Amino acid sequence: MTTIVVFSHLRWDFVFQRPQHLLSRLAQHYPILFVEEPEYDDGAPFMQRSSPAPNVTVCRAHTPIHGAGFHDEQLRLLQPMVAQLAPPGEDVIAWFYTPMALPLLQALQPSLVVYDCMDELASFKNPPKQLLQRESALLNTADLVFAGGPSLYEAKKNRHPNVHCFPSSVDVVHFQQALDRERVHPQQADIPHPRLGFYGVLDERFDPELVGEVADAHPEWQIVLAGPVVKIDPERLPKRANIHYLGQQSYTVLPDLLAGWDVCLMPFAINEATKFISPTKVLEYMAAQLPIVSTPIADVANPYGHVVAIASSAQEFIAACEAALAQTPEQRRHMVEAMLAVVAATSWDNTAKRMAELLESAPPRADAAADAGTNAPAAAMAPAAGVVRVAMPGAAGAAAASGTAAAAAKAAPRRA
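Residues numbered from 1 in each chain as written. Predicted model: local features only at pLDDT ≥ 70, side-chain atom pairs only at ≥ 80, totals over all residues. Heavy atoms only, no water.

Looking at the nonpolar core
Using the following cut-off: Nonpolar cores were defined as sets of buried Ala, Val, Leu, Ile, Met, Phe, Trp, Tyr and Cys residues, with membership established by side-chain atoms within 4.5 Å. Residue burial is assigned from relative accessible area. The probe radius is 1.4 Å, only protein chains are included, and a residue is buried under 20% of its type maximum, exposed over 50%, and partly exposed in between. Only heavy atoms matter for contacts: two residues are in contact if any of them lie within 4.5 Å across the pair.
Core analysis: the largest hydrophobic core is formed by 62 residues, its most contacted members being I223, L258, W261, V282, Y285, M286 and I292. The contact partners of L258, leaving out residues within four places of it in the chain, are F175, A178, R181, Y199, C264, E284, Y285, A288 and L290.

Put into structure tokens, the structure is as follows:
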């Protein structure tokens with residue numbers, strides 16, 4: 001039996017996106033232990049467990065330490081808890097979404113290390129100061145690197161010998177529920193048409209000024225924005241009578257939102273935080289067969305510019321929305337044909353299957369690759385003062401230290 005232990009900067013119950021899509025599918029073959037960032041609790045440290053999906057266990061440590069995320073001060077409490085996650089003797093695959101959790105690798109002695117790079121986290125607002133160093137250490141340690149889009153692949157392909165591009169995909173069946181345009185989401189039932197909508201996180205990647213200009217240009221248009229506000233001042237968001245904030249929505253009701261929209265918006269700012277993004281929602285919008293207007297995000301414009309209207313200025317964005325609302329039946333037919341061709345070529349099921357094949361075919365870890373302490377720059381791996389570091393042995397060293405049982409576990413097939 002092989003367990004995948006995942007370290008994530010995103011909580012499972014946050015916006016349903018790449019980690020949840022992939023891991024809920026990989027859970028058909030492997031038990032998944034999803035380790036979230038710790039939560040402050042002034043009592044004794046403990047690990048809270050929950051099961052939001054079959055064969056998926058979310059592990060959230062509660063500690064009396066205020067350090068946010070996988071902070072160095074948390075490590076001395078997290079390491080023993082992480083060491084006890086997988087059953088004794090079980091083969092472990094360590095899977096990272098955040099390099100900041102890399103020091104916790106020492107507690108696992110995994111047979112495989114995977115870095116699923118879904119964002120360039122160092123480009124986001126207020127990144128941890130160790131992030132770049134720790135990512136370099138993770139790239140030196142990982143056996144497999146998955147890049148979440150073409151731009152990320154180009155940025156990582158020369159930094160690791162085994163990088164694979166796995167762009168965002170789509171659950172077509174789920175989002176084609178929106179083709180029943182009679183579906184109603186109660187929060188927008190009383191909002192008149194035309195409705196131009198966006199769902200997703202409202203953070204530094206979102207362009208509030210652009211949305212304000214669109215709303216001002218056409219007061220009769222209703223702008224529907226569904227998603228949590230994160231890391232930006234809510235006062236920066238435009239306030240207009242025709243802009244409607246619905247808050248975070250569950251994945252299950254997204255088709256109900258789409259069914260009531262006339263145009264789908266992707267009003268991303270063009271900045272460092274959006275340079276490498278590969279938005280999952282573009283394919284979800286296509287599955288709903290609705291016209292899409294986007295700013296010139298590279299991983300949208302390059303592969304999908306023949307389907308998505310790309311607008312580089314507020315004036316172009318407004319004009320593209322006007323054109324979308326004025327589509328003739330013939331224009332819509334051609335648009336739908338192009339969208340169907342795109343979404344037919346990908347699915348989360350196929351992406352997860354291809355990833356599982358790479359996990360199965362990966363060779364055993366070499367001594368140098370397994371020794372995170374040897375490969376990692378000292379500044380990247382070193383925890384704060386007072387945290388005990390235990391060097392993780394290489395594959396041969398682990399077998400020698402743990403005996404034939406550990407060696408047998410490493411030789412066992414990774415899939416249950």
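Details of the sheet that holds strand β10 (residues 195-199)
Going by this rule: A pair of strands counts as paired when DSSP detects no fewer than two bridges linking them. The helix count covers DSSP runs of H or I at least four residues long, the strand count covers runs of E at least two residues long, and both are numbered beginning at the N terminus. To obtain an axis, a line is fitted to C-alpha atoms, over the contacting stretch when the element is a helix, and the angle between two such axes runs from 0 to 180 degrees between their N-to-C directions.
Judged by pairing direction, the sheet is parallel, and its 6 strands sit side by side in the order β12-β11-β10-β13-β14-β15 without closing on themselves. The sheet is open, and its two borders are formed by β12 (243-245) and β15 (309-310), each paired with just one other strand. By the bridge criterion, 3 bridges tie strand β11 (residues 222-226) to β12 in an arrangement that is parallel. Across the sheet, residue L225 finds its bridge partner in β12, namely Y245. Helix-sheet contacts for helix α6 (residues 208-217) involve β11 and β12, and the interaxial angle to β11 is about 150°.

Considerations on helix α2 (residues 75-83)
Within α2, burial applies to L75, L77, L78, Q79, M81 and V82. If you follow the buried residues of α2, they end up packed against β1 (2-7), β4 (46-53) and β5 (56-63).

Observations regarding helix α1 (residues 18-26)
Of all 9 residues making up α1, 8 are buried, and the element is well covered by its neighbours. Among all positions of α1, only R18, P19, Q20, H21, L22, L23, R25 and L26 are buried.

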